[in-house]
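Reading the structure
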Amino acid sequence: MAIHLSDLGKVYLVCGKTDMRQGIDSLAYLIKRQFELDPFSGQVFLFCGGRKDRFKALYWDGQGFWLLYKRFENGKLTWPNDEHEVKALTSEQVDWLMKGFSISPKINPTNSRDFY
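Residues take numbers from 1 onward in each chain, read along the sequence in its written order. Residues qualify for local features only when their pLDDT is at least 70, as the model is predicted, and side-chain atom pairs are given and counted only at 80 or more; totals for whole chains, interfaces and linings, by contrast, use all residues. In computing side-chain properties, one takes all heavy atoms of the structure into account and sets aside hydrogens as well as water.

**Thoughts on the overall build of the protein chain**
Note the following rule: Only DSSP runs of H or I covering at least 4 residues are called helices, and only runs of E covering at least 2 are called strands; the numbering of each starts at the N terminus. Burial status follows relative accessibility: with a 1.4 Å probe on protein chains alone, a residue under 20% of its type maximum counts as buried, one over 50% as exposed, and anything between as partly exposed. Any two residues having at least one pair of non-hydrogen atoms within 4.5 Å are treated as being in contact. For the accessible areas, the method is Shrake-Rupley and the probe is 1.4 Å, while residue cover comes only from the protein chains on display.
Secondary structure assignment for the protein chain yields 2 helices and 5 strands. When the elements of the protein chain are put in sequence order from the N terminus, they spell out β-α-β-β-β-β-α. For the protein chain, buried positions account for 35% of its 116 residues. Within the protein chain, contacts between residues at least 6 apart in sequence are counted, and of these 60% link residues at least 24 apart. A total of about 7,800 Å² of accessible surface is found on the protein chain, and carbon and sulfur atoms cover 49% of it.

This is the structure:
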C-alpha cells in the first residue's frame, strides 16, 4: 500500500540535515521557530538525516500529529543541503521522492549534432 503524502496537503521539504532522533514536539518546534511556519496547518513537513536513506514526515490531522518514517532499503535520497530553507514540493516531486528519485532531475540538453 502506498501513502500519497500530497493527498494530505501541501508538502514542504526541510532542507539540510535534521537530527533523526527528534520526535514530534522537537520537529514541530523547529518548523515554528526556525522557519516561521505553522506545524498545526495541516501541511506535511519532511525531514532527512545525514545518512540520506530515510526521512520523516510530520503531519497534523486536526486532532493530533502523525509522524511517518520511511527508510529505503537500497540507495540514498538526493536532499537539498541549505539548512535555512524549506521547499514547497509539487505532487509530482513528492511522488518522485517517495520512489527514491531526485526532486529536481537533471536533464542533459541534446546537442543538435547528435541528430545528424
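**Notes on the sheet that holds strand S5 (residues 86-89)**
The condition that has to hold: Paired strands, in this sense, are two strands between which DSSP finds at least two bridges. With axes taken as lines fitted to C-alpha atoms, and helix axes fitted only over the stretch in contact, angles between N-to-C directions fall between 0 and 180 degrees.
Strand order in the open sheet made by the 5 strands is S4-S3-S2-S1-S5, with mixed pairing throughout. Because the sheet does not close on itself, it has two edges, and the strands there are strand S4 (65-71) and S5. In this sheet, adjacent strand axes meet at a mean angle of 25° when their direction is disregarded. Direction of pairing for strand S1 (residues 11-14) relative to S5: antiparallel, over a ladder of 4 bridges. Its bridge partner lying in S5, Leu13 is registered against Lys87. Those strands touched by helix H2 (residues 91-98) are S1, strand S2 (44-48), strand S3 (54-60), S4 and S5, and its axis lies near 105° from that of S5.

**A word on the nonpolar core**
Using the following cut-off: We define the nonpolar core as a collection of buried residues of types Ala, Val, Leu, Ile, Met, Phe, Trp, Tyr and Cys that are connected through side-chain atoms lying within 4.5 Å of one another.
Core analysis: the largest hydrophobic core is formed by 18 residues, its most contacted members being Leu5, Leu46, Phe55, Trp79, Leu89 and Leu97. Counting only elements with at least two residues in this core, the list comes to S1, S2, S3 and H2. Setting aside residues no more than four positions away along its own chain, Leu89 makes contact with Lys10, Val11, Leu13, Leu46, Val94, Leu97 and Ile103. Core analysis: the next-biggest nonpolar cluster, separate from the first, contains 10 residues, Leu27, Phe35, Phe45 and Phe47 among them.

**What to know about the packing of aromatic side chains**
What counts here: Pairing of aromatic side chains requires ring centres within 6.5 Å, counting the rings of Phe and Tyr and the six-membered ring of Trp. Pairs whose planes differ by under 30 degrees are stacked, by over 60 edge-to-face, and all others tilted.
According to the stated counting rule, one finds 6 aromatic pairs in the structure shown. Where Phe55 meets Phe72, the ring centres are 6.4 Å apart and the plane angle is 40°; that geometry is what we call tilted. Residue Phe55 is found in strand S3, and its partner Phe72 is found in the loop between S4 and S5; the two are separated by 17 residues along the sequence. What makes Phe55 buried here is its relative accessible area of 3%. By the ring-pair criterion, three or more aromatic residues cluster together here, those being Phe40, Trp60 and Phe65.

**Remarks on helix H1 (residues 24-35)**
Put simply, the rule reads: The length a helix should cover is 1.5 Å for every residue beyond the first. This arc is built from the directions going out from the helix axis to the C-beta atoms.
Under the 1.5 Å per step criterion, the end-to-end length of H1 is 16 Å for 12 residues, consistent within 8% with the ideal 16 Å. The complete set of buried residues in H1 reads Leu27, Ala28, Leu30, Ile31 and Phe35. For H1, the arc enclosing every buried residue in end-on projection is 155°, short of the 170-degree limit, so these residues lie on one face. Every exposed residue of H1 that faces more than 90 degrees away from the buried side is listed here: Asp25, Tyr29 and Arg33. Phi for Glu36, located one or two positions after H1, is positive at around 55°.

**As for the pattern of salt bridges**
Formally: Should a side-chain nitrogen of Lys or Arg be within 4 Å of a carboxyl oxygen of Asp or Glu, the pair is scored as a salt bridge.
If you walk through the whole model with that rule in mind, you get 5 salt bridges. Between Arg71 and Glu73 there is a salt bridge, and its shortest N-O distance comes to 2.9 Å. Under the relative-accessibility criterion, Arg71 is labelled partly exposed at 45%. The salt bridge partner of Glu85 is Lys87, with a shortest N-O separation of 3.7 Å.

None of this, on its own, says anything about what the molecule does.
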